Amino acid sequence: MDDCIMIDNLVVFANHGVYKEEKTMGQRFVISMKLYADLYPAAKSDDLTKALNYAEICSFVTKFTQTHRCCLIEAAAVNIADALLKGYPAIDRVEITLKKPWAPIGLPLDQAAVHLTRSRHRAYIGIGSNLGDKKGYLDLAVRSLDEDENCIVRRVSDYIVTKPVGEVEQDDFLNGCIELDTLYTPHELLDRLHEIENAAGRTRDIHWGPRTLDLDILLYDSEMIHDETLTIPHPEMHKRTFVLEPLSQIAPFAKNPVLNKCAATLLERIKQQ
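Just so it is clear, the structure is predicted and the values come from calculations on it, not from any experiment.

Caption draft 1: Spotlight on the environment of alanine 90. In this structure, alanine 90 sits in the loop between helix 4 (73-87) and strand 3 (93-100). Considered as a pair, alanine 90 and valine 161 are 71 residues apart in the sequence and their alpha carbons are 35 Å apart. Alanine 90 has contacts with Tyr36, Ala37 and Leu52, leaving out every residue within four places of it along the chain.

Caption draft 2: Up close: the packing of aromatic side chains. Overall, the coordinates contain 2 aromatic pairs when judged by the stated rule. Relative to phenylalanine 64, the ring of phenylalanine 60 lies with its centre 6.4 Å away and its plane at 20 degrees, an arrangement referred to as stacked. With a gap of 4 residues between them, phenylalanine 60 and phenylalanine 64 both fall in helix 3 (residues 54-67), about one helical turn apart. Classification of phenylalanine 60 by relative accessible area gives partly exposed; the value is 29%. The exposure class assigned to phenylalanine 64 is buried, which follows from its relative accessible area of 16%. Seen from their ring centres, phenylalanine 60 and tyrosine 88 are 5.6 Å apart, and the 90 degrees between their planes marks the pair as edge-to-face.

Caption draft 3: Inspection of the side chain of arginine 192 at higher detail. Among the structural elements, arginine 192 can be located in helix 6 (residues 186-199). When residues no more than four places from it in sequence are discounted, the contact partners of arginine 192 are Ser144, Asp148 and Tyr184.

Here is what the cut-offs are and how they apply
- Residues numbered from 1 in each chain as written.
- Predicted model: local features only at pLDDT ≥ 70, side-chain atom pairs only at ≥ 80, totals over all residues.
- Heavy atoms only, no water.
- Helix = DSSP H or I, 4+ residues; strand = E, 2+ residues; numbered from the N terminus.
- Contact = heavy atoms within 4.5 Å.
- Phe/Tyr/Trp six-rings, centres within 6.5 Å; stacked < 30°, edge-to-face > 60°.
- Buried < 20%, exposed > 50% of the residue type's maximum accessible area, 1.4 Å probe, protein only.

Listed below in structure tokens is the structure:
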């Protein structure tokens, strides 16, 4: 997405800073923004209701900057970017330049500044349950993510009944998949999923055993991560029909970057075996 709205050098008087004088007396900050969004619907219709309102955004950023104080301009810039992404779902990516012309450096300079980019990330979450109210637990996962200010649930697959994997005798699973836009990093998202699992009474007493709710990060953008707590893409997803079938329903061309194959192709490969 290359379309963007540019707002240059919005001047805001606020109280960000480390020193007491900065926090009490305040100072001038200058904010420039690039807001990446699909501008075609507004351009095609010439309809203000389909556009990002520049005046509204400037007022929003001014009020937010004045009411959310930080010691560091790095923190202030991140907070402004996140607030814009949370407040305006049409914005996909934000570039922020936050300038501090009166920075107390004691040397001749025009200003100190930070520049950063924040964007939504596309993740696919596998969901499953085989204890108690299975559908209720899956619905809880969808609802919890959709109500999280750092997430937007874009699509949810049908729920399918599948046989359990492993040698433990247990009930059939109900499985599905969520397409999610999120501001969380992969590890932050993992922590959030664990919180939702815990809220559903999830225990981890038996490996591959029965569970009220199981949430797995299948894909996160085109990231490839492998550390002691997280592996992305999910290392078993290409082997599992109960993962690929719901994933293919909502995102058949979502690609596993390790195998360089999309979900629909991986599902067809399993069916032909």
